[in-house]
Amino acid sequence: MTGVIGLPAHVPELGEDRGGPATPLLAVSGLIKHFGKRGGFLSKAGAVVRAVDGVSFDVAKGETLGIVGESGCGKSTVARLIMQIIKPDAGELLFDGEAVGSAELDIRSFRKQVQMIFQDSYASLNPRLTVEDTVAFGPRVHGASRAQSITLAHDLLHRVGLEPGRFAGRYPHEISGGQRQRVNIARGLALNPRLLILDEAVSALDKSVEAQVLNLLLDLKAEFGLTYIFISHDLNVVRFMSDRVMVMYLGKVAEVGPADAVFSKPGHPYTEALLASMPSMDPDNRTQEAPITGDPPNPINPPPGCRFHTRCKYAADVCKVDEPLLYGVGDMHLAACHIANPASGHPLATQAKVAA
Amino acid sequence: MSAIADSPPVVVLAQAGKGYWASVWSRLIKDKVAMTALAVILVIVLAAIFAPYIAPADPFKGSMLRRLKPIGFPGYPLGGDELGRDMLTRLIYGGRLSIFMGVLPVLCAFVVGSSIGIFAGYVGGWINTLLMRIIDVFFAFPSVLLAIALSGALGAGILNSIVSLTIVFVPQIARVAEAVTTQIRTRDYVEAARVSGAGAFTIVRMHVLGNVLGPIFVFSTSLISVSMILAAGLSFLGLGVKPPEAEWGLMLNTLRTAIYSQPLVAALPGLMIFMVSISFNLFSDGLRSAMEVKQ
Amino acid sequence: MNGAGPIVDVKQLTVDFATGGGASVRAVAGVDLTLKPGETLALLGESGSGKSVTLRALMRLHPKSARFGGSVNVDGRDILAMPAGDLARYRGKIVSMIFQDPGLALDPVYRVGDQIAEAVMRHEGISRAEARKRALGLFERVRIPSPDRRLDNYPHEMSGGMRQRAMIALALACRPKVLLADEPTTALDATVQIQVLLLLRELQRELGLAVIFVTHDIGVAVEVADRIAVMYGGRIVETGPCADVIRNAAHPYTLGLLASRTGHGAAKGSRLVTIPGSPPDLTNLPPGCSFSPRCPRAIEACRQIVPPLVVTGPGHAAACIRVDAASVALSA
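Student: Help me get a handle on the nonpolar core, residues and values and all.
Tutor: The biggest cluster of nonpolar side chains holds 98 residues, and the ones touching the most others in it are C:Val74 and C:Ile228. With 8 residues, helix H6 (residues 160-172) of chain C is the largest single contributor of residues to this core. Looking at which domains feed residues into this core, each of domain 1 (35-64 + 83-94 + 178-331) and domain 2 (103-175) of chain C supplies at least three. In this view, C:Val74 contacts C:Ile7, C:Val8, C:Leu58, C:Ile79, C:Tyr90, C:Ile94, C:Val95 and C:Val178; residues no more than four positions away in its chain are not counted. One finds A:Val131, A:Leu157, A:Leu196 and A:Phe224 within the second-largest nonpolar core, a separate group that totals 63 residues.

Student: Go over helix H3 (residues 112-124) of chain C, please, and point to the residues and values.
Tutor: For H3(C), which comprises 13 residues, the first-to-last C-alpha distance of 19 Å matches the rise-based estimate of 18 Å (1.5 Å per residue) to within 8%. The elements touched by buried residues of H3(C) are helix H4 (128-141) and H6 of chain C.

Student: Tell me about the domain arrangement of chain C, and name the residues and values.
Tutor: All names here are of chain C. Taken domain by domain, chain C consists of domain 1 (35-64 + 83-94 + 178-331) and domain 2 (103-175). A separation of 31 Å is found between the C-alpha centroids of domain 1 and domain 2. Facing the 18 residues of domain 1 at the interface are 14 residues of domain 2. Of all residues in domain 1, Lys93, Leu199 and Leu203 bury the most surface against domain 2, accounting for 35% of the area lost on that side.

Student: Tell me what's going on with the sheet that holds strand E9 (residues 244-249) of chain A, and back it up with residues and numbers.
Tutor: Residues and elements named next belong to chain A. Across the sheet, 8 strands lie side by side as E6-E7-E8-E3-E9-E10-E12-E11; this open sheet has mixed pairing. Two strands in the sheet have a free side with no partner beyond their single neighbour: strand E6 (114-117) and strand E11 (327-330). Averaged over all pairs of adjacent strands, the angle between strand axes in this sheet comes to 20°, irrespective of strand direction. Where strand E10 (residues 252-258) lies against strand E12 (residues 333-335), 2 bridges are found, and the strand directions are antiparallel. Each bridged residue has a counterpart across the sheet, and for Val256 the counterpart in E12 is Leu334. Packed on one face of the sheet, helix H7 (residues 207-224) meets strand E3 (64-68), strand E7 (195-199) and strand E8 (227-231) and runs near 155° to E8. Where helix H10 (residues 269-276) meets the sheet, its contacts fall on E9 and E10, and the angle it forms with E9 comes to roughly 100°.

Student: Run through the pairing of E8(A), naming residues and quoting values.
Tutor: Looking down a regular strand, the side chains alternate between one sheet face and the other. Residues and elements named next belong to chain A. Of all 5 residues making up E8, 5 are buried, and the element is well covered by its neighbours. Burial of E8 is two-sided: the residues Thr227, Ile229 and Ile231 facing one way and the residues Tyr228 and Phe230 facing the other way are all buried. Alignment of E7 against E8, held across 5 bridges, turns out to be parallel. The residue of E8 that forms the bridge with Asp199 is Ile231. Since E7 and E8 lie parallel, the crossover through H7 that links them has a hand, and here it is right-handed.

Student: Describe the domain arrangement of chain A, naming the residues involved and giving the relevant values.
Tutor: Residue and element names in this part refer to chain A. For chain A, the domain assignment lists domain 1 (26-31 + 49-242) and domain 2 (260-355). Here the C-alpha centroids of domain 1 and domain 2 sit 31 Å apart. The interface is formed by 9 residues belonging to domain 1 together with 12 residues belonging to domain 2. Taking both sides of the interface into account, the surface hidden between domain 1 and domain 2 amounts to around 1,100 Å²; carbon and sulfur atoms contribute 64%. Of all residues in domain 1, the largest losses of buried area upon contact with domain 2 belong to Glu70, Leu235 and Arg239, amounting jointly to 52% of the total for that side.

Each value, and the rule that gives it
- Residues numbered from 1 in each chain as written.
- Chains lettered and ligands numbered in written order.
- Predicted model: local features only at pLDDT ≥ 70, side-chain atom pairs only at ≥ 80, totals over all residues.
- Heavy atoms only, no water.
- Core = buried A, V, L, I, M, F, W, Y, C linked by side-chain atoms within 4.5 Å.
- Buried < 20%, exposed > 50% of the residue type's maximum accessible area, 1.4 Å probe, protein only.
- Helix = DSSP H or I, 4+ residues; strand = E, 2+ residues; numbered from the N terminus.
- Domains from an automatic or database assignment.
- Contact = heavy atoms within 4.5 Å.
- Expected span 1.5 Å × (residues − 1).
- Buried area = accessible area lost by both parts, 1.4 Å probe.
- Pairing = 2+ DSSP bridges.
- Axes fitted to C-alpha atoms, helices over the stretch in contact; angles between N-to-C directions.
- Right-handed = clockwise from strand over helix to strand, strands pointing away.

If you want it as structure tokens, here you go:
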């Protein structure tokens with residue numbers, strides 16, 4: 001663990017490996033969050049948005065887990081649930097083997113080890129604080145002296161490619177979007193976290209700047225031994241960044257597996273459609289037919305059975321009734337599709353088995 | 001270290017490094033209307049403060065022979081009032097109480113109202129709802145009626161007028177403070193601070209106050225003119241300042257009988273109230289647009 | 001130029017915005033472009049490149065503080081000199097526009113069908129029943145399911161993709177000759193974006209529309225465009241047939257954009273090729289070529305003069321004095 005200078009010394013064990021390399025850094029099980037939608041004058045009272053509806057996954061130490069999905073799939077809600085910004089209705093978080101919120105790991109110590117980078121680089125910076133004060137805020141809160149925290153801030157600004165001499169005293173509106181996102185990254189690193197959640201962290205940046213920030217994230221990960229959860233709607237970026245990928249649809253996990261396997265041999269029809277929806281980049285071979293029609297359904301009233309069956313070209317009767325579990329489709333590769341389960345009774349399931 | 005090598009920042013902005021308030025001031029100083037308004041306010045305030053040195057006569061010494069003289073009467077540049085006192089002197093002295101009555105209630109209401117509003121807005125939930133419903137009760141009354149009713153109940157006098165005007169303004173400021181705070185509270189940077197493990201007090205001090213006090217302050221400045229007019233109204237009704245004090249509202253009241261004989265002189269206190277209150281309004285308008293940070 | 005003359009002909013367009021205190025910003029600094037009937041041009045660029053400002057100039061959708069230079073001819077009429085009354089008739093009838101946010105085009109308090117019928121009645125003076133029939137036809141055309149029922153929806157009752165389709169229907173209501181599209185799919189999910197792109201391509205072909213499509217996404221440009229014009233710092237730096245620009249890019253900025261893309265070429269774990277620095281600040285543009293501070297091939301001359309467009313192939317030109325160096329580097 002490469003230490004960052006100037007951190008307060010009164011918490012020696014925090015931030016160190018406890019469970020050993022085999023223990024996942026973060027284990028999420030059965031996460032549920034339903035938002036109550038207030039019944040208006042004319043609308044149905046008590047409609048519930050099933051934003052996250054039973055999501056479980058692990059994040060291994062040192063890996064990057066990519067989470068992809070369309071709007072309303074719950075990926076950002078998952079990030080906020082992990083960060084404890086909102087309270088889950090059900091579910092458990094284990095951080096390096098210890099339950100978050102338990103006696104061994106209270107919320108405050110957990111938060112020190114997990115940080116988040118937001119999408120909107122402007123909204124996530126206080127317009128009244130200078131760049132150095134923004135980065136120094138976290139260490140100050142955790143007891144570092146002003147001089148210590150400013151030294152640390154300058155060190156981190158240098159590390160993310162912003163020369164402290166030029167940038168430390170500036171305000172957010174005086175720097176460009178890419179530079180603001182670098183400030184956000186420096187702030188995220190200021191508490192020396194072990195897990196960094198990047199919620200659409202490069203989505204608002206211009207393409208030429210996006211590549212710079214992605215390179216920076218790769219460098220920082222190697223240097224500080226970080227673990228990333230990388231959330232994005234951009235499949236290309238997720239594929240480039242991630243070791244493993246989790247695809248979400250309407251509050252549930254549709255598919256999870258090694259990035260190369262998910263992208264080259266998708267196990268879920270939804271992943272297949274997502275991949276086919278990417279613009280082709282070949283002027284002589286443009287996309288001729290949309291892989292799926294219609295918009296993602298509303299998470300207020302998700303369809304029964306498999307939530308994707310309304311848009312799925314392989315949908316059979318069983319899909320409208322039974323909700324699929326996650327079935328193995330390859331090494332460490334799971335998909336929530338009846339086709340992957342020979343016992344499901346889906347007409348294509350047996351074919352798939354024969355083919356395999 | 002190659003990440004640094006491939007990202008030399010090339011953007012150099014003209015106003016780099018300048019503090020927020022310095023940039024607000026540099027925008028404000030370019031606003032001719034706001035600066036004129038500020039100049040008018042300053043002249044009248046300075047005149048009121050140094051009244052004993054610049055006023056040509058004694059504000060309380062009258063003369064039966066010089067009652068209700070027109071503007072330009074020898075020795076009385078702005079005429080004489082119903083007791084033969086120099087109008088110019090009384091207008092200068094009147095600024096002391098009138099502006100005091102305009103500013104002090106708003107200042108008190110600013111402190112109390114923004115505390116309530118920021119607390120309610122930041123805490124949220126049922127506490128917010130409860131506080132705001134209580135505030136709504138005050139909104140049910142027109143502010144003029146509320147001020148008169150409170151002053152009537154408390155009794156006439158300067159102190160009681162200030163108290164009643166403060167009570168009138170607290171709900172208005174609290175409402176604005178609550179709205180701005182609620183908006184700021186859900187910003188990403190407040191969430192980021194919470195994620196850093198900061199406590200509520202630190203977050204409010206570092207991230208909320210700086211961003212909400214500006215808009216609340218601007219709104220409050222616009223109330224100064226209202227406060228002056230209400231205070232004048234209370235004096236006019238005999239609920240505020242008592243004769244023979246010089247105060248614009250009271251002067252308007254006592255001169256009202258002269259409206260047919262010396263209409264111009266009788267209108268002078270009203271003109272002062274109008275000038276000062278519109279100056280405060282124009283200035284707060286300018287301040288608001290100067291404080292809008294452009295992306 | 002062969003066959004029909006251009007329907008859109010922009011020459012040396014400049015757009016300046018006053019920024020207060022007597023200063024102004026030049027958002028578009030001399031843009032030439034032509035568009036033939038039935039052709040689709042993609043204006044590709046990053047924030048502050050001037051792509052949207054150029055597009056809006058074709059509709060004169062600018063605040064009063066904007067000052068225009070050069071000429072904009074659409075369907076034989078000079079837009080910059082057009083009186084306000086003519087402008088109202090021109091908008092929607094000859095040229096219409098779709099936006100990233102349908103909220104800009106659709107009024108939230110009127111039913112979508114009524115808005116379309118209203119637009120048709122205003123421009124063509126036909127009866128309400130007939131206008132309604134036209135609206136229904138348009139809804140079918142843009143593939144809105146159960147169109148009869150959807151005409152009576154308010155915008156907020158529709159999903160994002162459907163609102164986008166309704167906006168396209170509204171834009172096509174008066175059978176315009178030119179459609180301007182300002183990042184119409186940027187806010188949409190991937191699976192919906194491709195549907196809207198295919199729809200636009202189909203409508204363009206069937207109705208013979210001329211389309212100018214503003215986007216920051218090369219992939220989207222490739223899906224819809226016949227020609228691509230790459231903008232940077234208020235100027236067009238490269239223009240040419242779509243396939244040619246993608247395969248034989250000549251300007252270092254275009255080359256950098258293509259190289260820094262994730263996916264396809266980029267292997268995981270390897271570092272991306274990047275364009276250093278940030279997009280230019282329009283209030284403080286560098287002298288000469290505005291890309292020169294970020295350009296790996298810049299020489300002293302690049303900082304002195306604004307490079308003219310140099311022809312590099314049939315219909316393909318790049319504004320770079322180092323074009324030869326670039327193509328050498330590419331083939332190497």
